[in-house]
Amino acid sequence: MEHLEFDIAGWAGVNPARDHVLVGVVGSGNLEVMIERAELAGRCAVAIDTSIHGFAPTWRRVVEDFLARHRLGDVRVSINDGGATPAVVGLRLDQAAAEYTGGVR
Amino acid sequence: MDGDFTTARRAWNTLETNHRERLARASAITGGKVVDAADTVALLEAVIEPGDRVCIEGNNQKHADFLAKCLSQCSPERLHGLHIVQSNLALPAHLDVFERGIADRLDFCYSGPQGLRMGRLVDEGKIKLGAIHTYLELYSRYFCDLTPRVSFIAAEAADADGNLYTGANTEDTPAIVEATAFKSGILIAQVNRLVDRVPRVDVPGDWVSFVVQAPKPHYIEPIFTRDPAVISEVQILMAMMVIRGIYEEYGITRLNHGIGFDTAAIELILPTYAEDLGLKGKICQYLSVNPCPTLIPAIESGFIEGIHCAGSELGMEAYVSARSDVFFIGRDGTMRSNRIFCQLAGHYADLFIGSTLQIDLEGNSSTATLSRITGFGGAPNFGCESRGRRHASPGWLKAGREQPRPGTMPRGRKLVVQIVETFGDGMAPTFVERLDAWTLQERFGLPLPPVMVYGEDLTHIVTEEGIANLLLCETMEEREQAIRGVAGYTPVGLARDRAMVERLREKGAVRYPEDMGVDPRLATRDLLAARSIRDLVRWSGGLYDPPARFRNW
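How each quantity is defined
Residues numbered from 1 in each chain as written. Chains lettered and ligands numbered in written order. Predicted model: local features only at pLDDT ≥ 70, side-chain atom pairs only at ≥ 80, totals over all residues. UniProt positions renumbered as here; feature names shortened; annotations may be inferred. Axes fitted to C-alpha atoms, helices over the stretch in contact; angles between N-to-C directions. Helix = DSSP H or I, 4+ residues; strand = E, 2+ residues; numbered from the N terminus. Parallel < 35°, antiparallel > 145°, perpendicular 65-115°, else oblique. Left-handed = near helix turned anticlockwise from the far one by under 90°. Contact = placed C-beta atoms within 7 Å. Nonpolar A, V, L, I, M, F, W, Y, C, P; charged D, E, K, R; others polar. Pairing = 2+ DSSP bridges. pLDDT = per-residue confidence, 0-100. Domains from an automatic or database assignment. Buried ≥ 20, exposed ≤ 12 C-beta atoms within 10 Å, placed from the backbone. Right-handed = clockwise from strand over helix to strand, strands pointing away. Core = buried A, V, L, I, M, F, W, Y, C linked by C-beta atoms within 7 Å. Expected span 1.5 Å × (residues − 1). Bend = angle between axes of the 7 residues up to and from the residue. Arc of directions from axis to C-beta.

As annotated in an unreviewed UniProt entry, chain A is Malonate decarboxylase acyl carrier protein from Azospirillum oleiclasticum. Quoted verbatim from the Subcellular location (unreviewed entry) field of the UniProt record, the comment on chain A reads "Cytoplasm".

Pasting the structure below:
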């Protein structure tokens with residue numbers, strides 16, 4: 001397992017539809033994503049536990065793009081990854097964000 | 001002068017004379033057309049001559065495996081220097097004939113699992129490689145400069161006169177038979193059964209030289225069965241984008257699907273996602289494809305009007321027979337397939353969609369991997385612009401309007417789509433700066449890099465990130481950035497010019513799910529009309545009878 005943490009500048013103005021959402025399951029090639037509302041002065045705290053080592057730069061890009069795509073701020077994002085491809089990660093994150101924001105983009 | 005032309009002294013029927021000599025030699029082995037399986041090696045040694053061009057029927061699925069094995073057991077003193085002209089090399093015996101020195105030249109289409117060993121035999125000089133063809137090209141050359149002298153074919157049943165019934169897997173048989181029988185060649189059929197009367201005559205007996213009942217039924221490979229249980233949500237998301245961003249957008253009614261999980265996902269969300277969008281009767285009505293079990297729900301829910309098949313698929317026989325409005329069925333009640341006609345129907349359809357292993361920055365794609373010589377079978381003939389097409393359809397005209405073209409003459413355009421995840425097996429990036437095909441070309445001394453679909457034929461690339469519409473790219477630089485714009489987190493995707501991709505997005509050359517009204521939240525397995533092989537059986541009303549290895553209940 002590798003543990004990664006990123007502190008990333010967030011976006012203002014997103015009103016979440018709920019306090020937290022959890023999507024996906026941990027399993028081979030799959031992952032679990034939790035998004036929680038948090039008072040972080042607008043920033044985003046991302047914590048990742050992944051079964052595959054050595055992809056920190058890719059994770060950072062995936063997460064940055066995701067936060068920008070959904071203009072999220074004041075959130076804590078936790079990911080438990082069972083070796084998912086970036087494609088699966090992106091889809092799962094988008095599904096979580098859609099739940100979190102109530103589908104408003 | 002008076003009429004003394006030298007040409008008048010030439011014999012013009014040497015092939016026919018030679019054909020009679022061959023039959024005369026065989027008369028020591030059989031008095032009629034039917035040959036005992038135990039005498040097959042002797043028959044082959046009698047009717048084949050050194051240096052002959054020999055075709056062993058080897059299709060995608062059906063193989064003249066017994067005759068192939070017998071050829072490999074012939075004496076290299078008697079038979080040598082044979083030139084094998086065969087579409088699909090799939091069995092060890094196909095290469096044994098080279099290993100043993102019976103054959104030394106090869107023209108073929110596809111080698112699949114034998115690709116590695118073939119690479120070695122080429123390295124060792126035991127195979128002199130003519131060319132790697134597509135199916136249509138090789139069959140065409142049967143009628144040109146590569147006409148077989150002797151052909152082995154496989155059929156389901158024969159009668160004593162040599163009339164053959166091929167069953168549902170007719171596949172390549174008509175092409176081989178026609179070229180051989182009408183150029184004084186010897187045609188030998190291996191059959192599963194000898195019967196008094198065949199259910200239907202697929203090959204007339206007077207075209208057939210000999211018939212052998214094989215000790216075991218000919219080998220058939222079930223290569224078109226995709227278990228819905230292993231279709232992923234990413235494949236469902238891509239399928240949603242294809243339906244909204246391409247099929248609906250262009251009104252695609254006539255098309256050809258590849259045979260991977262990506263296109264199986266499309267088939268399985270027609271009765272759910274596409275139905276909810278009101279697209280029944282507007283898309284996907286006519287397909288050129290094998291009877292893939294994942295098509296059953298779309299057929300049953302009335303999406304698909306007609307399917308012509310290149311071959312059959314194990315377990316689908318009864319279902320197909322019971323749907324004669326959809327499939328092409330003989331008076332005997334079983335399907336008739338034909339690879340050439342299916343390839344032609346697909347070539348002149350409005351769209352091809354399939355998958356690949358690598359795509360470069362010009363949009364060239366290849367499934368060729370290092371160290372293997374495999375070829376591409378029929379994919380290049382489906383996956384290319386049909387430049388001889390003259391009839392119009394709305395999608396074809398729309399694509400033609402989108403493509404920048406020099407001059408003033410308007411023209412249509414077939415859509416050629418590649419559907420890929422940005423990372424393949426083992427996290428290998430699908431998008432690359434340079435195809436492995438270049439290395440393969442150097443390694444095996446090929447005249448060209450083995451490219452499956454050329455960039456100039458390709459119109460769309462679908463990935464989990466979005467769709468690149470290459471028709472809307474005006475320069476090679478735009479094309480490159482549109483490809484990078486859907487290449488995800490591969491090195492190629494990470495090196496994109498974000499500003500340019502944003503500009504391309506404004507004009508629709510790059511589209512992401514939200515740009516085409518695709519909601520990723522719906523991309524779950526709940527969207528699949530069937531989520532298991534068992535569901536497919538249920539949809540078919542119990543007519544689909546899956547092979548044992550796909551049964552897990």
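Q: Sorry if this is basic, but what is going on with the packing of helix α3 (residues 65-72) of chain B against helix α4 (residues 92-99) of chain B here?
A: Think of two packed helices as two axes; the pair is described by the angle between the axes and how far apart they sit. Residue and element names in this part refer to chain B. It is the contact of α3 with α4, at a shortest axis distance of 8 Å, that shows an interaxial angle of 20 degrees. Considering their axes alone, α3 and α4 lie roughly parallel with respect to each other. Crossing geometry of α3 relative to α4 is assigned as left-handed. Contacts between α3 and α4 involve Ala68, Lys69, Leu71 and Ser72 from the former and Ala93, His94, Asp96 and Val97 from the latter. Split into classes, the residues belonging to the contact of α3 with α4 amount to four nonpolar, two polar and two charged.

Q: Honestly, the sheet that holds strand β20 (residues 467-469) of chain B in this entry has me stumped. Any pointers?
A: Backbone hydrogen bonds hold the strands of a sheet together, and the pairing may be parallel or antiparallel. All names here are of chain B. Overall, mixed pairing links the eight strands, which are arranged β14-β13-β12-β15-β18-β19-β20-β21 in an open sheet. Looking at which strands have only one partner, the edges of the open sheet turn out to be β14 (306-308) and β21 (510-511). Strand direction decides the pairing type here: strand β15 (residues 351-354) and strand β18 (residues 415-419), joined by four bridges, are parallel. For Leu351, the partnering residue across the bridge sits in β18 and is Leu415. Here helix α8 (residues 233-250) sits on the sheet and contacts β15, β18, β19 (460-462), β20 and β21; the angle it forms with β18, its principal contact strand, is near 170 degrees.

Q: Hey, could you run me through the sheet that holds strand β3 (residues 31-37) of chain A in this one?
A: Residue and element names in this part refer to chain A. As summarised here, the arrangement of the five strands in space is β1-β4-β5-β3-β2, forming an open sheet in which the pairing is mixed. A single partner strand is all that each edge strand has here, and the edge strands are β1 (2-8) and β2 (20-24). Pairwise comparison of adjacent strand axes, ignoring direction, gives a mean angle of 10 degrees for this sheet. Here β2 runs beside β3; their pairing, made up of five bridges, is antiparallel. When the sheet's bridge partners are listed, Gly24 is paired in β3 with Glu32. In the packing of helix α1 (residues 56-70) onto the sheet, the strands contacted are β1 and β4 (44-50), and the crossing angle to β1 comes to about 40 degrees.

Q: Looking at this structure, how should I read the interface of chain B and chain A?
A: Where the parts come together, the accessible area they lose is often given as the size of the interface. If you look at the interface, chain B gives 15 residues, while chain A gives 13 residues. Broken down by element, the side of chain B that touches chain A gets its largest block of residues, three residues, from α8(B). Here the residues of the side of chain B that touches chain A are counted per class, giving eight nonpolar, two polar and five charged.

Q: What should I look at first to understand the confidence of the model for chain B in this one?
A: Should pLDDT be low for a region, the predicted coordinates there are not to be read in detail. The predicted model of chain B averages 95 in pLDDT, with 98% of residues at 70 or higher. Complex prediction metrics read pTM 0.93 and ipTM 0.88.

Q: Teacher, can you tell me more about the domain arrangement of chain B here?
A: Residue and element names in this part refer to chain B. If you check the domain split of chain B, you get domain 1 (29-220) and domain 2 (228-536). Counting residues at the interface gives 30 residues for domain 1, matched by 28 residues for domain 2. The biggest single contributor to the side of domain 1 that touches domain 2 is helix α5 (residues 115-123), with five residues. Residues that form the side of domain 1 that touches domain 2 fall into these classes: 15 nonpolar, 11 polar and four charged.

Q: Which parts of the structure should I look at to understand the environment of B:Ser140?
A: Residue and element names in this part refer to chain B. Mapped onto the secondary structure, Ser140 falls in helix α6 (residues 135-142). What makes Ser140 partly exposed here is the crowd of 16 C-beta atoms within 10 Å. In this structure, the C-alpha to C-alpha distance between Ser140 and Val518, residues 378 residues apart in sequence, is 44 Å.

Q: Looking at this structure, how should I read the confidence of the model for chain A?
A: Confidence in the prediction for chain A averages 91 pLDDT; 96% of positions are at 70 or higher. Across chain A, the secondary-structure element scoring lowest on mean pLDDT is helix α2 (residues 86-101) of chain A, at 91, and the one scoring highest is β4(A), at 96.

Q: Would you mind going over the pairing of strand β5 (residues 103-110) of chain B with me for this structure?
A: Two faces make up the sheet, and in a regular strand the side chains alternate between them. Residue and element names in this part refer to chain B. Judged by how many residues are buried, β5 sits mostly within the fold: six of eight residues are covered. Note that strand β4 (residues 82-88) and β5 share six bridges and pair parallel. Residue pairing in the sheet places Val85 in a bridge with Asp107 of β5. In the classification by handedness, the crossover that spans β4, the intervening α4 and the parallel β5 is right-handed. Where β5 lies against strand β6 (residues 128-132), three bridges are found, and the strand directions are parallel. By the bridge assignment, Arg105 is partnered in β6 with Lys128. Handedness of the crossover is the feature at issue here: the chain leaves β5, passes through α5, returns alongside β6, and the resulting connection is right-handed.

Q: Teacher, can you tell me more about the nonpolar core here?
A: Nonpolar side chains tend toward joint burial in soluble globular proteins. Residues and elements named next belong to chain B. Residues Ala155, Ala189, Ile236, Met240, Val242 and Ile269 are the most contacted members of the largest nonpolar core, which totals 193 residues. Sorting elements by how many residues they give to this core places α8 first, with 12 residues. Counting contributing residues per domain, this core is built from domain 1 (29-220) and domain 2 (228-536), each supplying no fewer than three. Among all residues touching Ala155, those that are not within four sequence positions of it are Leu164, Tyr165, Thr166, Ala189, Val191 and Val203.

Q: Even after reading the chapter, I still don't get unusual backbone geometry, so can you show me in this structure?
A: Note: most residues except glycine have negative phi, and most peptide bonds are trans. Located in the positive-phi region is A:Arg71, a residue other than glycine, with phi close to 50 degrees. Looking at the secondary structure, you find A:Arg71 in the loop between α1 and β5 (75-81). Judged by the 14 C-beta atoms lying within 10 Å of it, A:Arg71 falls in the partly exposed class. The phi dihedral of B:Ser184 is positive, around 55 degrees, even though this residue is not glycine. Here B:Ser184 lies in the loop between α7 (173-181) and β9 (186-194). Here B:Ser184 falls in the partly exposed class, since 17 other C-beta atoms lie within 10 Å of it.

Q: What is the right way to look at the environment of B:Gly205 in this model?
A: Take B:Gly205: it is sitting in the loop between β9 and β10 (210-213). If we skip the residues at most four places from it in the chain, B:Gly205 touches B:Asp161, B:Gly162 and B:Asn163.

Q: I keep staring at helix α9 (residues 261-276) of chain B and nothing clicks. Help me out?
A: An α-helical turn contains 3.6 residues, so a residue and the one three or four places further along point in the same direction. Residues and elements named next belong to chain B. For α9, which comprises 16 residues, the first-to-last C-alpha distance of 22 Å matches the rise-based estimate of 22 Å (1.5 Å per residue) to within 8%. Approximately 65 degrees is the largest bend angle found in α9, and it occurs at Ile269, with the proline Pro271 only one to four residues beyond. Counted residue by residue, α9 has 12 buried out of 16 residues, so it is predominantly covered. Considered for burial, the residues of α9 that qualify are Asp262, Thr263, Ala264, Ala265, Ile266, Glu267, Leu268, Ile269, Leu270, Pro271, Tyr273 and Ala274. In this fold, the buried residues of α9 make contact with α8, β12 (254-257), α10 (296-300), β15 and β18. Where α9 terminates, the next one or two residues include Gly278, which has phi positive at roughly 75 degrees.

Q: Explain α1(A) here, please?
A: Residues and elements named next belong to chain A. With 15 residues, α1 extends 21 Å between its outermost C-alpha atoms, agreeing within 8% with the 21 Å of an ideal straight helix rising 1.5 Å per residue. For α1, the full list of buried residues reads Trp59, Val62, Val63, Phe66, Leu67 and His70. On an axial view of α1, the arc spanned by its buried residues comes to 125 degrees, and they lie on one face. In this fold, the buried residues of α1 make contact with β1, β4 and α2. Downstream of α1 by one or two residues, Arg71 has phi in the positive range, about 50 degrees.

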